[in-house]
Amino acid sequence: MPYRGVFYPLGFGVEICTNDRDVLEAANEIWGHLLPRRISATVQLRIGISESTSTQCPATPTVRAQRHLISFIVDAENHATCDLKGGFGFAWLSRNALRHRLYFRYHFLESIAMVLISGTFAPALHAACICRHGRGMLLCGDSGAGKSTLAYACARAGFTYITDDASYLLRDSDHPRIVGHSHKIRFRPSSRKLFPELRGRELTPRLEGKPSIEVPTSELPGLITAQEARIHYLVLLKRSPRAAAELVPIPTDVALERFHEGLYPVEEIRRSQIAALQQLATVQAFEFYYSELDDAVRCLEALALTPGHVP
């Protein structure tokens, strides 16, 4: 593996060793602009590329997990294994898989790196994160609940934007802190009707998942972004037609239960991730009923200005 590079997804060090320069070029396309956090630990990913006569894009990998090991298996030429305890991953792929750049990035390069980061440094939570007046808020809810839309509406109103729907809870913090992909935001196509600045933007090519428009935050005027924030509130979104904006306190453990289904499925790693979630046990939690975005933003602004009080 003669080629080596260190990249910083979410600010965490990922050392990539490979026998093909194109692997490092692909990593640089995704993470080349990101800087390290204040920690020095790294995980390592070794990617070997072998010759292939096939020109067809390989199939979607099958993912299997046992204890601290995760395998991504397509066939004898395309497979990978991650060791979450050792902070190490290895993939052996055909040149054909590397040639299909979206496939390589989505199923192997990004997937393995984020699995290692989530298992080693920061469990992934299905939530958006924003901050106002030094008060961090996790916006959680089912897929389609409006997390990204509300996070961006708040960002347009002066909130600091951290991430849209993937928040990573730091293990190494004295207080609950989230890191996220603050350099981009992903919108549903219907968001073009809500935000004039999105009109005319085309759908972003994606290998899988629902159609979306992915926009660098640097292209959205006036946004304040940060890579991480301390969390003070869990906000469970309950958007519905004609609902007045209202924050209703709920037990924090009820809100935390929603995150359990997205944790690592094998008990040994899952236990450590649930333990990390207990950092959030002391923050306030609310169900948030609202209909109009402007009313919702004003309600969250009032919450940030009056800590501990439900507006």
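This text goes with the structure placed above it.
None of these values were measured; they are calculated from a predicted model. Position numbers for residues count from 1 along each chain, tracking the sequence in the order it is written. At least 70 in pLDDT is required for a residue's local features to be given in this predicted model, at least 80 for side-chain atom pairs to be given and counted, and no such filter applies to totals for whole chains, interfaces and linings, which use all residues. Just so you know, side-chain values use all the structure's heavy atoms and leave hydrogens and water out.

Enquirer: I tried to follow the overall build of the protein chain on my own but got confused; where do I start?
Expert: Each helix and strand in the protein chain was counted, giving seven helices and 19 strands. With respect to the three principal axes, the spread of C-alpha positions in the protein chain is 60 × 45 × 30 Å. Partly exposed describes any residue whose relative accessible area lies between the buried limit of under 20% and the exposed limit of over 50%, with all areas from a 1.4 Å probe on protein chains only and scaled to the type maximum. Expressed as a percentage of the 311 residues in the protein chain, the buried residues total 50%. In this description, contact between two residues means that some pair of their heavy atoms is separated by no more than 4.5 Å. Once local pairs closer than 6 in sequence are excluded, the contacts in the protein chain between residues at least 24 apart make up 69%. Charged side chains in the protein chain number 35 positive and 32 negative. The centres of these two groups are separated by 2 Å. By the criteria applied, helices consist of DSSP H or I runs no shorter than four residues and strands consist of E runs no shorter than two, each listed in order from the N terminus. Just so you know, the count uses Lys and Arg for positive and Asp and Glu for negative, and it drops His and the chain ends. Taken as the charge location is NZ of Lys, CZ of Arg, CG of Asp or CD of Glu.

Enquirer: I tried to follow the environment of Arg242 on my own but got confused; where do I start?
Expert: By secondary structure assignment, the location of Arg242 is in the loop between β17 (228-239) and β18 (246-250). Residues Arg242 and Gly262 lie 20 residues apart in sequence; the distance between their C-alpha atoms is 31 Å.

Enquirer: What's the story with the pairing of strand β2 (residues 13-18) in this structure? I'm lost.
Expert: A regular strand carries its side chains on alternate faces of the sheet. Across the six residues of β2, six count as buried, placing the element largely inside the fold. The alternating pattern of β2 places Gly13, Glu15 and Cys17 on one face and Val14, Ile16 and Thr18 on the opposite face, and all of these are buried. Pairing analysis gives five bridges linking strand β1 (residues 3-7) to β2, with the strands arranged antiparallel. In the sheet register, Arg4 faces β2, and the bridge partner there is Cys17. Paired strands, as defined in this entry, are two strands with at least two bridges between them according to DSSP.

Enquirer: Please explain the pairing of strand β5 (residues 69-75) as it appears in this structure.
Expert: Examined bridge by bridge, strand β4 (residues 62-66) and β5 share five bridges and lie antiparallel to one another. Residue Arg64 lies in a different strand from β5, and its bridge partner there is Ser71. Linking β4 back to β5 in an antiparallel pair, the connection comprises two residues, with Arg67 at a positive phi of about 50 degrees. Taken together, the six bridges between β5 and strand β6 (residues 78-83) define a ladder with antiparallel strand orientation. Along β6, the bridge assignment pairs Ile73 with His79. Counted along the chain from β5 to the antiparallel partner β6, the turn is two residues long.

Enquirer: Honestly, helix α3 (residues 101-120) in this entry has me stumped. Any pointers?
Expert: Residues spaced three or four apart along an α-helix face the same direction, because each turn holds 3.6 residues. Multiplying 1.5 Å by the residue count of a helix minus one yields the expected span of that helix. In a regular helix each residue adds 1.5 Å, so 20 residues correspond to 28 Å; α3 covers 26 Å between its end C-alpha atoms and thus fits that length. Bend angle per residue: angle between axes fitted to the 7 residues ending at that residue and the 7 residues starting there. At Ser111, α3 shows its maximal kink, close to 35 degrees. When α3 is considered as a whole, its buried residues turn out to be Tyr103, Phe104, His107, Phe108, Leu109, Ile112, Ala113, Met114, Leu116, Ile117, Ser118 and Gly119.

Fair warning: the whole summary comes from geometry, so function is off the table for now.
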